[in-house]
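This is what each chain is made of:
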2 protein chains.
Amino acid sequence: MAPNKTLVYNKMPEGIPVPGEHLIVEERTIDLDAAPPAGGLIVEILNASYDPYLRNLMRPGVGKKFYAAMLQPGDPVRNGTISRVLKSDSPDFQPGDIISASLPIAQYAVVPDPQAVRARKLHNPHNLDLGLFLGPLGMPGLTAWAGLHKIGKPKAGETIFISSAAGAVGQCVGAIAKREGLRVVGSVGSDEKLKFITEELGFDAGFNYKKESVFDAVPRLCPDGIDIYWENVGGDHFEAALSNLNHGGRVPLCGMIEDYNLPREKQKGVRGLLAAIYTGATIQGFLVGSPEFGPVYYKEHQEKMQEWLADGSFKAKLDITEGIDKAAEGFSAMFKGENLGKALLKIQ
Amino acid sequence: MAPNKTLVYNKMPEGIPVPGEHLIVEERTIDLDAAPPAGGLIVEILNASYDPYLRNLMRPGVGKKFYAAMLQPGDPVRNGTISRVLKSDSPDFQPGDIISASLPIAQYAVVPDPQAVRARKLHNPHNLDLGLFLGPLGMPGLTAWAGLHKIGKPKAGETIFISSAAGAVGQCVGAIAKREGLRVVGSVGSDEKLKFITEELGFDAGFNYKKESVFDAVPRLCPDGIDIYWENVGGDHFEAALSNLNHGGRVPLCGMIEDYNLPREKQKGVRGLLAAIYTGATIQGFLVGSPEFGPVYYKEHQEKMQEWLADGSFKAKLDITEGIDKAAEGFSAMFKGENLGKALLKIQ
């Protein structure tokens, strides 16, 4: 048996999960000498994605209404990975293939049913950094693409305001919106991120919400109002956007990261929703996996975004935590706003 | 000159307007012996509508984003009325005609431009009570009709939860939804209202939110979840609805009456909006006057609802304040939940 260090959910956190307490790295084992299961694979995991939604699996269950099963103490944390096939009993995969798949965050995994974990061979004609397939070319990028087109309905000349603009999804929304001819304004939590979105991503304007109130910055930077508000954050950002929304505004609800670490009773709540009535705004939640979202836009998203990344016109940023031993620290850092760009764990 | 008592905005209220302080009835005058203005009318006002949105005109201005001009101290309060034409210089109206028009809440009015106040002759083939043309057959009824069809997209077998269900709009939403084959559940603020919606309007279920927490009542009465939430109220109602919403739920935002009397800073805010992401819910504000709402549904609404009211299958309730002297009291009562049904003022 070989050692197989694994990121394990240990205990329900109240706020941001504490490494070593709520999330631990456990030395489990795996038999790398065994044959792969019938129709299945044994893989080595190269990169694993950190995504804020995982925090929502660390709560009391909310039953049938949730989109993924709640974590139980002792469960490995599963998420999107980029992995290399070591052994295969499936006709669809060969040893050496690089795949994306939803797997435990660990060094290795046995995959009894590749389809059940959405294993898919990477199509990487431009030989891009594999980490990008967890960010702009993965779930966050597809989320941006599908949500912006389907709900945001961008029109050239309009103004979009993006919260958490340097983040995994936000940077993609901005990149797409620029190419659609919109005026793009972003909110970030550090001057370094501000420099990134304005100088490297080409946003028209941005601000550091830790230095200027969002209630001042939004009307200052969006003098003609907001046509699309990309909601990643909740709280004051949502309120400021609502009170500067133009008639017929659209609000794709992608995340409300301020609320992820709080039970409903402790959340601040969004005030001023009345403005949505005066403006006839549409506020729509979505999950990238829903049939009318991700699947519809997958092909277009891959083609276009691979092209932009390959030609250097979209300088996406990855924020890499190195090594499985740091897996819990990397996860928690994401909620402290310490990362710049798409957060991921490089395992090997 | 004849006396013309008029409901006048006197001073900005902080909470619910106090009669005699924020709203006063002033004795103004009118020359009833004069000729009508060129192309215009002189009318006697029979009934005036009380609508919660009027409270929103009694705030600090929010400029271009608002849908009606803010009231200034000394302004008469204008709203929908049913009036009788006394004198006409317009080819479209004859003395004796009964019209609907947006006019000052007063005994009489001079109407220089009938079109500008949306004057329209009543089409009343079933000889229905004129007050109904300010309620189920007026703006509130059309609001219900357009919002439910356009945003709610009701399908037989679904569940709709209606807040403020006995109110002007709520009772109409319920009546329409029943006829569309939905399971209709309503929240009201008194046992008398509960009796009204379940026994007279034929709602499938309801509860008095002053006696049972909306967080208990909603899951109890909507065991299969909510497909459409008709939002009139805000606050806890909105939160309870969100946390019981089914996948693909729709939330027409019609009002948030709990917030009307509070500035944004003092509002409680809506928590749990995260649920809109998991369920892919669409939350959409609207104003009945927008081109894609009221105007599209006007004809259908009038025909069908006149029929239901005439054949007695829809027992709409009006809550009538008698006499212009009580005009301010009637307005404030609406925000205290004291009325049952559509609130209006009978002037003569």
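For the structure, see preceding data.
Nothing here was measured: the structure is a model prediction, and the numbers come from that model. All residue numbers refer to position in the chain's written sequence, counted from 1. Lettering for chains starts from A, numbering for ligands starts from 1, and both go in the order in which the items are written. Reporting in this predicted model follows two pLDDT cut-offs: at least 70 for local features of residues, and 80 or more for side-chain atom pairs to be given and counted; totals over whole chains, interfaces and linings ignore these cut-offs and use all residues. The side-chain quantities take in all heavy atoms of the structure and omit both hydrogens and water.

Undergrad: What is the right way to look at the overall build of chain A in this model?
TA: Helix and strand labels come from DSSP, where a helix needs a run of H or I of at least four residues and a strand needs a run of E of at least two; each type is numbered from the N terminus. Broken down by element type, chain A carries 9 helices and 15 strands. Along the three orthogonal principal directions, the C-alpha set of chain A runs to about 65 × 45 × 35 Å. Partitioning the contacts of chain A with sequence separation of at least 6, the portion at a separation of at least 24 is 68%. Working definition of accessibility: Shrake-Rupley area with a 1.4 Å probe, residue cover restricted to the visible protein chains. Accessible surface for chain A amounts to roughly 13700 Å². Of this, 51% is attributable to carbon and sulfur atoms. Averaging the positions of the 37 positive and the 41 negative side-chain charges in chain A gives two centres separated by 3 Å. The contact definition used throughout considers only heavy atoms, calling two residues in contact when any of these lie within 4.5 Å. His is not counted here, nor are the chain ends, while Lys and Arg score as positive and Asp and Glu score as negative. For this purpose, a charge sits on NZ of Lys, CZ of Arg, CG of Asp or CD of Glu.

Undergrad: It is not clear to me how the nonpolar core should be interpreted in this structure. Could you clarify?
TA: One recurring pattern in soluble globular proteins is that nonpolar side chains are buried together. Buried Ala, Val, Leu, Ile, Met, Phe, Trp, Tyr and Cys residues that are joined via side-chain atoms within 4.5 Å together make up what is termed a nonpolar core. Buried means the residue's accessible area, taken with a 1.4 Å probe over protein chains only, is under 20% of the maximum for its type, while exposed means over 50%, and partly exposed covers the values in between. A:Phe238 and B:Phe238 are the most contacted members of the largest nonpolar core, which totals 58 residues. Dropping the residues within four chain positions of it, B:Phe238 is found in contact with A:Leu273, B:Tyr229, B:Glu231, B:Val251, B:Leu253, B:Met256, B:Val270 and B:Ile283. Formed by 46 residues, the second largest nonpolar core is a distinct cluster that contains B:Ile82, B:Ala144, B:Phe196 and B:Cys254.

Undergrad: What is the right way to look at the relation of the copies chain B and chain A in this model?
TA: Both copies of the chain are related by a screw-like operation: a rotation about an axis and a shift along it. Least-squares fitting of chain B to chain A yields an RMSD of 0.0 Å, with the transformation described by 0.0 Å of translation along the axis and a rotation of 180°. As the rotation angle and translation indicate, the two copies are arranged about a two-fold axis. Relative to the rotation axis, the C-alpha of B:Gly269 is the closest in chain B, positioned 2.1 Å from it. Most of the interface of chain B is mirrored in chain A: 100% of its interface residues are interface residues there too. Least-squares superposition aligns the copies on the C-alpha atoms of those residues with pLDDT at or above 70 in both.

Undergrad: Looking at this structure, I do not really get the pattern of salt bridges. What am I missing?
TA: All names here are of chain B. A carboxyl oxygen of Asp or Glu within 4 Å of a side-chain nitrogen of Lys or Arg is what we treat as a salt bridge. Per the stated rule, a full pass over the model turns up 30 salt bridges over all chains. The closest approach of N and O atoms between Lys-211 and Asp-191, which form a salt bridge, is 2.4 Å. One end of the pair, Lys-211, is in the loop between strand E10 (205–208) and helix H4 (214–221); the other, Asp-191, is in helix H3 (residues 191–200), with 20 residues separating them in the sequence. A residue is classified by how much of its surface remains accessible, and Lys-211, at 63% relative accessible area, is exposed. For Asp-191, a relative accessible area of 39% puts it in the partly exposed group. The partner of Lys-268 in a salt bridge is Asp-236, and the shortest N-O contact between them spans 2.5 Å.

Undergrad: How should I be thinking about the pairing of E10(B) in this particular structure?
TA: When a strand is regular, its side chains alternate between the sheet's two faces. All names here are of chain B. The side-chain alternation of E10 yields two buried faces, one formed by Ala-205 and Phe-207 and the other by Gly-206 and Asn-208. Relative to E10, strand E9 (residues 183–188) is paired through 4 bridges, and the arrangement is parallel. Counted as the bridge partner of Ser-187 is Phe-207 from E10. As a crossover connection, the stretch from E9 through H3 into E10 is right-handed. Strands are labelled as partners when DSSP assigns at least two bridges between them. When the strands point away from the viewer, a crossover counts as right-handed if the route from the first strand across the helix to the second turns clockwise.

Undergrad: Honestly, H3(B) in this entry has me stumped. Any pointers?
TA: Because the α-helix completes a turn every 3.6 residues, residues three or four places apart line up on one side. Residues and elements named next belong to chain B. Taken residue by residue, H3 has Lys-193, Leu-194, Phe-196 and Ile-197 as its buried positions. Down the axis of H3, the smallest arc covering the buried residues is 160°, so these residues share one side. Pointing more than 90 degrees away from the buried face of H3 are the exposed residues Glu-192, Lys-195 and Glu-199. Of the residues trailing H3, Gly-202 is marked for its positive phi of about 80°. This arc is built from the directions going out from the helix axis to the C-beta atoms.

Undergrad: Just checking my understanding: could you explain the sheet that holds strand E11 (residues 226–230) of chain B for this structure?
TA: The strand order across the open sheet built from 12 strands is E10(A)-E9(A)-E8(A)-E11(A)-E12(A)-E13(A)-E13(B)-E12(B)-E11(B)-E8(B)-E9(B)-E10(B), with neighbouring strands paired in mixed fashion. What marks the edges here is a single partner per strand, and that holds for strand E10 (205–208) of chain A together with E10 of chain B. Here the strands of the sheet are splayed against their neighbours by 15° on average, with no regard to which way each runs. Across 4 bridges, strand E8 (residues 159–162) of chain B lies against E9(B) in parallel orientation. By the bridge assignment, B:Thr159 is partnered in E9(B) with B:Arg183. Orientation is described by axes fitted as lines to C-alpha atoms, over the contacting stretch for helices, and by angles from 0 to 180 degrees between their N-to-C directions. The strands touched by helix H3 (residues 191–200) of chain A within the sheet are strand E9 (183–188) and E10 of chain A, with E10(A) carrying the most contacts at an inclination of about 175°.

Undergrad: Help me out: how do you make sense of the side chain of A:Thr143 in this one?
TA: Checked against the element boundaries, A:Thr143 lands in helix H1 (residues 139–152). Among the residues examined, A:Thr143 registers a relative accessible area of 6% and is labelled buried.

Undergrad: Can you help me understand the packing of helix H1 (residues 139–152) of chain B against helix H2 (residues 168–179) of chain B in this one?
TA: Relative placement of two packed helices is described by the angle separating their axes and the distance separating the axes. All names here are of chain B. Close contact between H1 and H2 brings their axes to 8 Å; oriented N to C, the two are set at 50°. Here H1 lies oblique to H2, going by the angle between them. Between H1 and H2 lies a crossing whose hand is right-handed. Seen from H1, the contacting residues are Pro-140, Gly-141, Thr-143, Ala-144, Trp-145, Leu-148 and His-149; seen from H2, they are Ala-168, Val-169, Cys-172, Val-173, Ile-176 and Ala-177. Across the contact of H1 with H2, the residue classes tally to 10 nonpolar, 3 polar and no charged. Under this scheme an angle from 65 to 115 degrees is roughly perpendicular, one under 35 degrees roughly parallel, and one over 145 degrees roughly antiparallel; angles in between are oblique. Handedness of a helix crossing follows the sense of rotation of the near helix relative to the far helix, less than a right angle counterclockwise being left-handed and clockwise being right-handed. Only Asp, Glu, Lys and Arg are considered charged, only Ala, Val, Leu, Ile, Met, Phe, Trp, Tyr, Cys and Pro nonpolar, and every remaining residue, Gly among them, polar.

Undergrad: Which parts of the structure should I look at to understand the environment of B:Ala34?
TA: All names here are of chain B. Examined against the element boundaries, Ala-34 turns out to sit in the loop between strand E2 (23–30) and strand E3 (41–49). Classification of Ala-34 by relative accessible area gives partly exposed; the value is 26%. Placed 33 residues apart in sequence, Ala-34 and Met-1 show a C-alpha to C-alpha distance of 9.3 Å. For Ala-34, the residues in contact, after removing those within four places along its chain, are Ile-42 and Lys-87.

Undergrad: Explanation requested: unusual backbone geometry in the structure shown.
TA: Comment: phi is negative for the bulk of residues other than glycine, and the bulk of peptide bonds are trans. Residues other than glycine seldom take positive phi values, yet A:Lys153 does so here, at roughly 40°. Within the secondary structure layout, A:Lys153 lies in the loop between H1 and strand E8 (159–162). Here the phi dihedral of B:Asn127 falls at roughly 55°; this positive angle occurs in a residue that is not glycine. Structurally, B:Asn127 is set in the loop between strand E7 (120–121) and H1.

Undergrad: Just checking my understanding: could you explain helix H2 (residues 170–179) of chain A for this structure?
TA: Residue and element names in this part refer to chain A. Judged by how many residues are buried, H2 sits mostly within the fold: 8 of 10 residues are covered. Taken residue by residue, H2 has Gly-170, Gln-171, Cys-172, Val-173, Gly-174, Ala-175, Ile-176 and Ala-177 as its buried positions. Directly beyond the C-terminal end of H2, a positive phi value near 85° is found at Gly-181.

Undergrad: How should I be thinking about the interface of chain B and chain A in this particular structure?
TA: For an interface, size is often stated in terms of accessible area lost upon the parts coming together. Between chain B and chain A, the residue contacts involve 43 residues of the former and 43 residues of the latter. For the pairing of chain B and chain A, the buried interface totals around 3300 Å² over both sides, and the portion due to carbon and sulfur atoms is 60%. At the junction of chain B and chain A, the tally comes to 0 salt bridges. For the purposes of these results, a polar contact is taken to be a pair of N or O atoms within 3.5 Å, where, inside protein, one atom must be able to donate a hydrogen and its partner to accept one; residues adjacent in sequence count only when each atom of the pair is a side-chain atom. On inspection of chain B and its partner chain A, the count reaches 7 residue pairs in polar contact (both at pLDDT 80 or more). Two parts placed together each lose some accessible area under a 1.4 Å probe, and the buried area is that loss summed for both.

Undergrad: It is not clear to me how the packing of aromatic side chains should be interpreted in this structure. Could you clarify?
TA: Aromatic rings considered in pairs are described by the distance between their centres and by the relative angle of their planes. All names here are of chain A. For this analysis, a ring pair means two rings from Phe, Tyr or Trp (six-membered ring only for Trp) whose centres lie within 6.5 Å, classed as stacked if their planes differ by under 30 degrees, edge-to-face if by over 60, and tilted for the remaining angles. Counting across every chain of the model gives 16 aromatic pairs over all chains. With a centroid separation of 6.1 Å and 70° between ring planes, the pair formed by Tyr-50 and Phe-331 is classed as edge-to-face. One end of the pair, Tyr-50, is in the loop between strand E3 (41–49) and strand E4 (78–88); the other, Phe-331, is in helix H9 (residues 327–335), and 281 residues separate them in sequence. The exposure classification of Tyr-50 matches that of Phe-331, with both residues buried. Centre to centre, the rings of Phe-161 and Phe-207 are 6.1 Å apart; their planes meet at 15°, and the pair counts as stacked. A residue pair is termed long-range when its members are at least 10 positions apart, and Phe-161 in strand E8 and Phe-207 in strand E10 qualify at 46 residues. Given a relative accessible area of 2%, Phe-207 falls into the buried group. Clustering of aromatic rings is evident, with ring pairs tying together Phe-161, Phe-207, Tyr-229 and Phe-238.

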